[in-house]
Amino acid sequence: MLFQTLLTMEKNFFQHQYISDKKWLNSVLHKDFKECGQSGKLYDKPMTMEGLLSCNGDRTIIIYNFECNPITSDCWMVHYITKSSEDVPVYRTSIWVKEGQLKLLFHQASQLYETVPLTKY
């Protein structure tokens, strides 16, 4: 099921075994990948890869309220909330496209200032 596949792909970005693998990152991040981080800074594929490759271990982040919505037959938008050990909720949106394999085209993370019920995934 695509829901589970995309959830797993998003979770992989929090696991050191994936984000320390340059070949995996290069294959999963779309050539035109863009990110707007929770810092408000914009990142492209090389900048994102550099940041992820510098992580020293798993990122202790839990996913809540995961949703997957088709945009076209080969493009999906996912939304979810994450909480880390700092307990700061972050609302995340990703756009995934299928070009032979699933590739992450866009990601945005914004600090969440609203309290919402959370369902863990």
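Here we summarise the structure given alongside this text. For every chain, the first residue of the written sequence is number 1, and numbering continues from 1 onward in sequence order. Totals for whole chains, interfaces and linings use all residues, but because this is a predicted model, local features are given only for residues with pLDDT of at least 70 and pairs of side-chain atoms are given and counted only at 80 or more. In computing side-chain values, all of the structure's heavy atoms are included and hydrogens and water are not.

Another point: the overall build of the protein chain. Runs of E in the DSSP output that reach at least two residues are strands. Runs of H or I that reach at least four are helices, and both are numbered from the N terminus. Along the protein chain, the regular secondary structure elements total 4 helices and 6 strands. Each helix and strand of the protein chain, placed in order from N terminus to C terminus, yields the pattern α-α-α-β-β-α-β-β-β-β. What the globule rule says is 2.2 Å times the number of residues to the power 0.38, and the radius of gyration is computed from C-alpha atoms. Scaling as 2.2 N^0.38, a compact globule of 121 residues should have a C-alpha radius of gyration of about 14 Å, and the protein chain matches this with 14 Å. Along the first, second and third principal axes, the C-alpha atoms of the protein chain reach 40 × 35 × 25 Å. Whether a residue is buried, partly exposed or exposed follows from its accessible area with a 1.4 Å probe, protein chains only, as a fraction of its type maximum: under 20%, in between, or over 50%, in that order. Counting over 121 residues, the protein chain shows a buried share of 36%. Sequence separation of 24 or more characterises 48% of the internal contacts of the protein chain that already satisfy a separation of 6 or more. Accessible surface computed for the protein chain: about 7,100 Å², of which carbon and sulfur atoms make up 53%. It only takes one pair of heavy atoms within 4.5 Å for two residues to be counted as in contact. Areas reported here follow the Shrake-Rupley algorithm with a probe of radius 1.4 Å; residue values treat only the protein chains shown as occluding.

The next point concerns helix α1 (residues 2-12). Three or more residues of α1 are buried, namely Leu6, Leu7, Met9, Glu10 and Asn12. Close packing links the buried residues of α1 with α2 (16-19), α3 (22-28), β3 (61-72), β4 (75-84), β5 (90-99) and β6 (101-111).

Attention now moves to the sheet that holds strand β2 (residues 42-44). Strand order in the open sheet formed by 6 strands is β2-β1-β6-β5-β4-β3, and the pairing between neighbours is mixed. In this open sheet, the two strands that pair with only one neighbour each are β2 and β3. On average, each strand axis in the sheet is tilted by 15 degrees relative to the strand beside it, whichever way the strands run. Two strands pair under a simple rule: DSSP has to find at least two bridges between them. As paired strands, β4 and β5 are joined by 8 bridges and run antiparallel to one another. By the bridge assignment for β5, Met77 is matched with Ile95. Axis definition: a line fitted to C-alpha atoms, over the contacting stretch in the case of helices. Angles run 0 to 180 degrees between N-to-C directions. The strands that helix α4 (residues 45-53) touches are β1 (29-36) and β2; relative to β1, the one it contacts most, it runs at about 75 degrees.

It is worth spelling out the pattern of salt bridges at this point. Whenever Lys or Arg places a side-chain nitrogen within 4 Å of a carboxyl oxygen from Asp or Glu, that contact is recorded as a salt bridge. Here the structure, examined in full by the defined rule, presents 1 salt bridge. For Lys31, the salt bridge identified is with Asp32, shortest N-O distance 3.0 Å. Taking the relative accessible area as the measure of exposure, Asp32 reaches 42% and is therefore partly exposed.

Time to look at the environment of Glu86. Here Glu86 lies in the loop between β4 and β5. Residue Glu86 is classed as exposed on the basis of its relative accessible area of 58%. In this structure, the C-alpha to C-alpha distance between Glu86 and Gly100, residues 14 residues apart in sequence, is 37 Å.

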